[in-house]
There are 2 protein chains.
Amino acid sequence: MSVTTYTVTGMTCGHCVSSVKEEVGEVPGVTGVDVDLESGRVDVSGDALDDAAVRAAIEEAGYQVAG
Amino acid sequence: MSVTTYTVTGMTCGHCVSSVKEEVGEVPGVTGVDVDLESGRVDVSGDALDDAAVRAAIEEAGYQVAG
């Protein structure tokens, strides 16, 4: 299992956190999603994660991945 | 039908707007809820509205009514 960290901008409240968790949680291979609202830090755990799919899920939720 | 305007604080994004609309929309007699995120203005339309029930619904959604 590996953990990949993303910095996400645009999340303003707990609902935003839930949206990101939900969308990213649906990406194949993802076993866990931890989000820190204040810093925008999103830690995604899983096996053989598809980085592009995770980024697409974050954008699908309506937020931006920094970097 | 009457329209009562409330000023609500704490809404930060579209999810917050949806939460307020949903909770207030469930109050008996309410026929419409318009929310302006930026100003916090919430216009509640309906018949024989129970002001206390509307305020309780807003607080139930997780926000504060000013005044």
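Since the structure is predicted, the reported quantities are computational estimates derived from the model, not experimental observations.

### Considerations on the packing of helix α1 (residues 14-25) of chain A against helix α1 (residues 14-25) of chain B
The geometry of α1(A) relative to α1(B) is characterised by a closest axis approach of 8 Å and an angle of 105 degrees between their N-to-C directions. With respect to each other, α1(A) and α1(B) are oriented roughly perpendicular. Residues A:H15, A:C16 and A:S19 of α1(A) touch α1(B), and the partners they reach there are B:H15, B:C16 and B:S19. Partitioned by chemical class, the residues of the contact of α1(A) with α1(B) number two nonpolar, four polar and no charged.

### Let's talk about the interface of chain A and chain B
With six residues of chain A in contact, the opposing surface of chain B contributes six residues. Considering only the surface of chain A that becomes buried against chain B, A:T12, A:C13 and A:H15 emerge as the three largest contributors, covering 77% of it. There are zero salt bridges connecting chain A and chain B. In this structure, the connection of chain A to chain B is made through three residue pairs in polar contact (both at pLDDT 80 or more). Across the side of chain A that touches chain B, the residue classes break down as three nonpolar, three polar and no charged.

### Some thoughts on the pairing of strand β3 (residues 41-46) of chain B
Residues and elements named next belong to chain B. Of all six residues making up β3, five are buried, and the element is well covered by its neighbours. Summarising the sheet, strand β1 (residues 2-9) and β3 pair through six bridges and their orientation is antiparallel. Considered in β3, the bridge of T4 is made with V44. Where strand β2 (residues 30-36) meets β3, six bridges bridge the pair, whose relative direction is antiparallel. Bridging across to β3, D34 finds its partner in D43.

Rules behind the numbers
- Residues numbered from 1 in each chain as written.
- Chains lettered and ligands numbered in written order.
- Predicted model: local features only at pLDDT ≥ 70, side-chain atom pairs only at ≥ 80, totals over all residues.
- Heavy atoms only, no water.
- Axes fitted to C-alpha atoms, helices over the stretch in contact; angles between N-to-C directions.
- Helix = DSSP H or I, 4+ residues; strand = E, 2+ residues; numbered from the N terminus.
- Parallel < 35°, antiparallel > 145°, perpendicular 65-115°, else oblique.
- Contact = heavy atoms within 4.5 Å.
- Nonpolar A, V, L, I, M, F, W, Y, C, P; charged D, E, K, R; others polar.
- Buried area = accessible area lost by both parts, 1.4 Å probe.
- Salt bridge = Lys/Arg side-chain N within 4 Å of Asp/Glu carboxyl O.
- Polar contact = N/O pair within 3.5 Å; in protein donor to acceptor, adjacent residues only side chain to side chain.
- Buried < 20%, exposed > 50% of the residue type's maximum accessible area, 1.4 Å probe, protein only.
- Pairing = 2+ DSSP bridges.

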